[in-house]
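# Coordinate inspection notes
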Amino acid sequence: MTEHTFSILKPDATRRNLTGAVNAVIEAAGLRIVAQKRIHMTSAQAGKFYEVHSERPFFGELVEFMTSGPVVVQVLEGENAVARYREVMGATNPANADEGTIRKLFAESVGENTVHGSDSQENAALEIAQFFSGLEIVG
Ligand code: GDP
């Protein structure tokens, strides 16, 4: 089933000029980038985006990191895009990520782990709506 998922190339990716390299892995995996923009998140935006983690001990560090530089927000389209992108990203901690995944290839640590991808179709829809209008998604 063709579906959409939401992706973020995190500040460690933009800082190291890796956005093209990460996009190449995304596209090679059969996912299509149907919307993309570079933004600098405010603390309010990052805090809202990661609200589910607000009680976690790393929340402050996470918001600080996500606002430490520009990010690239994206909508990806493909067959089972949510699950497919989670596979392509690899485990949250790059030390546990499979060979060939984005996090294995590029991530520096569990915090600075290069990419975000939605974990369900429901969250994908909510996350996409937080950053894109329908007119910006061009499949
Ligand atoms: P994901 O769905 O694989 O991104 O992982 P989670 O939903 O569990 O966590 C969300 C994000 O919080 C991760 O991608 C990391 O950037 C960050 N995070 C998770 N665990 C830790 C941690 O132990 N320390 C820090 N600093 N950040 C973490």
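## Overview of the site of the ligand
Taken together, the neighbourhood of the ligand is formed by Lys10, Tyr50, His53, Phe58, Glu61, Leu62, Arg86, Thr92, Arg103, Val110, Gly111 and Asn113. Gly111 has a polar backbone atom sitting 3.0 Å from an oxygen atom of the ligand. A distance of 2.9 Å separates an oxygen atom of the ligand from a polar atom in the side chain of Asn113. Calculation on the ligand without its partners gives an accessible area of 550 Å², and the protein chains cover 79% of this total.

## Topic: the packing of aromatic side chains
One pass over the structure, following the stated rule, counts five aromatic pairs. Measuring from ring centre to ring centre gives 5.4 Å for Phe6 and Phe131, while their planes differ by 10°; the resulting arrangement is stacked. One end of the pair, Phe6, is in strand 1 (residues 2-9); the other, Phe131, is in helix 7 (residues 121-131), with 125 residues separating them in the sequence. Note on Phe6: relative accessible area 0%, which makes it buried. Under the relative-accessibility criterion, Phe131 is labelled buried at 7%. Here the aromatic cluster, defined as three or more aromatic residues joined through ring pairs, consists of Phe6, Phe49, Tyr50, Phe131 and Phe132.

## A few points about the nonpolar core
The biggest cluster of nonpolar side chains holds 20 residues, and the ones touching the most others in it are Phe6, Ile8, Met41, Met66, Val73, Phe131 and Phe132. Apart from residues lying up to four places away in sequence, Phe132 is in contact with Phe6, Ala35, Gln36, Lys37, Val73, Gln74, Val75 and Ile137. Val72, Ala81, Met89 and Phe106 belong to the second largest nonpolar core, which has 17 residues in total.

## Brief notes about helix 5 (residues 81-89)
The set of residues buried in helix 5 consists of Ala81, Val82, Tyr85, Val88 and Met89. One side of helix 5 holds all its buried residues, which, seen down the axis, span an arc of 130°. Within two residues after helix 5, Gly90 carries a phi angle of roughly 90°, on the positive side.

Here is what the cut-offs are and how they apply
- Residues numbered from 1 in each chain as written.
- Predicted model: local features only at pLDDT ≥ 70, side-chain atom pairs only at ≥ 80, totals over all residues.
- Heavy atoms only, no water.
- Near = heavy atom within 4 Å.
- Polar contact = N/O pair within 3.5 Å; in protein donor to acceptor, adjacent residues only side chain to side chain.
- Areas by Shrake-Rupley, 256 points an atom, 1.4 Å probe, with all protein chains shown as cover.
- Phe/Tyr/Trp six-rings, centres within 6.5 Å; stacked < 30°, edge-to-face > 60°.
- Helix = DSSP H or I, 4+ residues; strand = E, 2+ residues; numbered from the N terminus.
- Buried < 20%, exposed > 50% of the residue type's maximum accessible area, 1.4 Å probe, protein only.
- Core = buried A, V, L, I, M, F, W, Y, C linked by side-chain atoms within 4.5 Å.
- Contact = heavy atoms within 4.5 Å.
- Arc of directions from axis to C-beta.

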